[in-house]
Amino acid sequence: MNSKHYRIKLKGEFNFSMIDEVFEVIKLPFISINSVNKYQLEGEENLFFLRIELQCKADKRIKYIEESLLRIGNNYASDISMEEVTKKNMAIFVSKDNHCLREILWRWSDGELSCNIPLVISDYDIHKELVESYGIPFLKLRLTKTNEENDSIASSILMENNIDFIVLARYMQVLSPRFVHKFDKKIINIHHSLLPAFIGANTYRRAFERGVKVIGATAHYVTEKLDEGPILAQQAIHLTDGLTLSDYKQYGKSIESDTLLQAIKWHIEDKIFIYRNKALVLK
């Protein structure tokens, strides 16, 4: 009999009895545990995070396991979920700069990103040929904070394509609160870490003119408050003297792409837990 792959995620106040009960439920002859990742946030909150990957060879017992985990979660006021591992559907939004888009498409085509890409949306048509060369549908559509009509169009298309999450691969439009709310904790954004000193246009030129020694990038979930969502991944590199403006830009593009890809992988693999406005990654 073929086995199926499942993930269990738990977030709640630390309790030995609760943890014992969870493992007792899955301690069955037809279940193989692949990995266990856990983290305890000690102190006043005393939160506990648990992620389990397992293989199950008995479909008929899955409902029993899910109901048992739900009961444990209710008894201990904790969030527990169990889901079959399938490929998520990722939509990409992009504006003019295509370095993140290119890297995502290449890594995806090489099998590094275990997801589907049913759709790419852009407010420019300059990426159409690139996107369609990978066999991915391309749509030109500008979403803004105030364009309710395009909001509705995009939402309908995303639902038709069963989109699980959205990646803003240097998408330079501000999304409306209504749109963000529909995809809460399902929109990943990337930006350079030169804010707030170099906010606005020509960021890398101004950083170059000031002789900035460190540049970086931050990937985060999108919330209604601009660039204030839970941080998923950050990277930084030190720059040596004597670099050109072109070098600054190239380093910036590279670190933006790498940081965004890391956040995408963690999201795809369900390694991210949110508490308050923070993201914890169980690696």
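Residues numbered from 1 in each chain as written. Predicted model: local features only at pLDDT ≥ 70, side-chain atom pairs only at ≥ 80, totals over all residues. Heavy atoms only, no water.

Asks: Give a detailed account of the overall build of the chain, specifying residues and quantitative values.
Replies: Looking only at helices and strands, the chain features 8 helices and 13 strands. Viewed in the frame of its principal axes, the chain has a C-alpha envelope of about 60 × 45 × 35 Å. Across the chain, the fraction of contacts at a sequence separation of at least 24, relative to all contacts at a separation of at least 6, is 67%. Accessible surface computed for the chain: about 15,100 Å², of which carbon and sulfur atoms make up 47%. (Helix = DSSP H or I, 4+ residues; strand = E, 2+ residues; numbered from the N terminus. Contact = heavy atoms within 4.5 Å. Areas by Shrake-Rupley, 256 points an atom, 1.4 Å probe, with all protein chains shown as cover.)

Asks: Lay out the sheet that holds strand β1 (residues 4-13) in plain terms, naming residues and giving numbers.
Replies: Read from one edge of the open sheet, 4 strands run β2-β3-β1-β4, paired in antiparallel fashion. Each edge of the open sheet is held by one strand with a lone partner, namely β2 (31-41) and β4 (79-84). Strand after strand, the sheet turns through a mean of 10 degrees between neighbouring axes, direction not considered. Running at roughly 5 degrees to strand β3 (residues 47-56), helix α1 (residues 16-25) makes contact with β1, β2, β3 and β4 of the sheet. In the packing of helix α2 (residues 62-75) onto the sheet, the strands contacted are β1, β2, β3 and β4, and the crossing angle to β4 comes to about 165 degrees. (Pairing = 2+ DSSP bridges. Axes fitted to C-alpha atoms, helices over the stretch in contact; angles between N-to-C directions.)

Asks: Summarise the pattern of salt bridges; cite the residues concerned and give the values.
Replies: On inspection of all chains with the given rule, the structure shows 17 salt bridges. Between D270 and R7 there is a salt bridge; the shortest N-O distance is 3.0 Å. Taken together, the residues span a long stretch of sequence, with D270 in the loop between α8 (245-268) and β12 (272-275) and R7 in strand β1 at a distance of 263 residues. Side by side, D270 and R7 carry an identical accessibility label, which is buried. Two residues, R107 and E103, come together in a salt bridge whose shortest N-O distance is 2.9 Å. Of the two residues, R107 and E103 both sit in helix α3 (residues 99-109), 4 residues apart, roughly one turn of that helix. (Salt bridge = Lys/Arg side-chain N within 4 Å of Asp/Glu carboxyl O. Buried < 20%, exposed > 50% of the residue type's maximum accessible area, 1.4 Å probe, protein only.)

Asks: Tell me what's going on with the packing of aromatic side chains, and back it up with residues and numbers.
Replies: In total, this model carries 8 aromatic pairs according to the counting rule given. Look at F49 and Y275: their rings are 5.5 Å apart centre to centre, the planes differ by 50 degrees, and that puts the pair in the tilted class. One end of the pair, F49, is in strand β3; the other, Y275, is in strand β12, and 226 residues separate them in sequence. Each member of the pair, F49 together with Y275, is buried. Clustering of aromatic rings is evident, with ring pairs tying together F93, Y171, F179 and F183. (Phe/Tyr/Trp six-rings, centres within 6.5 Å; stacked < 30°, edge-to-face > 60°.)

Asks: Pulling in residues and values, what's your account of the pairing of β1?
Replies: Here β1 pairs with β3 via 10 bridges, running antiparallel. Among the inter-strand pairings, K9 is bridged to a residue of β3, identified as R51.

Asks: Outline the sheet that holds strand β7 (residues 138-140), listing residues and values.
Replies: The mixed open sheet is built from 7 strands, whose spatial order is β7-β6-β5-β8-β9-β10-β11. Edge positions in the sheet fall to β7 and β11 (231-238), since each of these pairs with one other strand and no more. Pairs of neighbouring strands in the sheet enclose a mean axial angle of 20 degrees, with direction left out of account. The pairing of strand β9 (residues 187-192) with strand β10 (residues 214-221) spans 5 bridges and is classified as antiparallel.

Asks: Break down α8 for me, with residues and values.
Replies: Across its 24 residues, α8 extends 35 Å between first and last C-alpha, which sits within 8% of the 34 Å expected from 1.5 Å per residue. Just past α8, the residue D270 takes up positive phi, approximately 55 degrees. (Expected span 1.5 Å × (residues − 1).)

Asks: Give a detailed account of the nonpolar core, specifying residues and quantitative values.
Replies: Of all hydrophobic cores here, the largest spans 35 residues; its most connected members are M90, I92, I104, I117, V120, L260 and I264. The greatest single-element share of this core, amounting to 7 residues, is contributed by α8. Grouped together as the second largest cluster of nonpolar side chains are 23 residues, I8, F30, C56 and I80 included. (Core = buried A, V, L, I, M, F, W, Y, C linked by side-chain atoms within 4.5 Å.)

Asks: Which residues make up the side chain of S95, and what values do they have?
Replies: Mapped onto the secondary structure, S95 falls in the loop between β5 (88-94) and α3. You can call S95 buried: its relative accessible area is 2%. A polar atom in the side chain of S95 sits 3.0 Å from the side chain of D123. Polar contacts involving the side chain of S95 include one to the main-chain amide nitrogen of M172, which spans 2.9 Å. Once you skip the residues sitting within four places of it in the chain, S95 turns out to touch S122, D123, Y124, H127, R170, Y171, M172 and Q173. (Polar contact = N/O pair within 3.5 Å; in protein donor to acceptor, adjacent residues only side chain to side chain.)

Asks: Residue-level account of unusual backbone geometry, with values.
Replies: Even without glycine at this site, A77 takes up a positive phi of about 50 degrees. Relative to the helices and strands, A77 is located in the loop between α2 and β4. Despite not being glycine, D270 shows a phi value in the positive range, around 55 degrees. According to the relative accessible area criterion, D270 is buried, its value standing at 19%.

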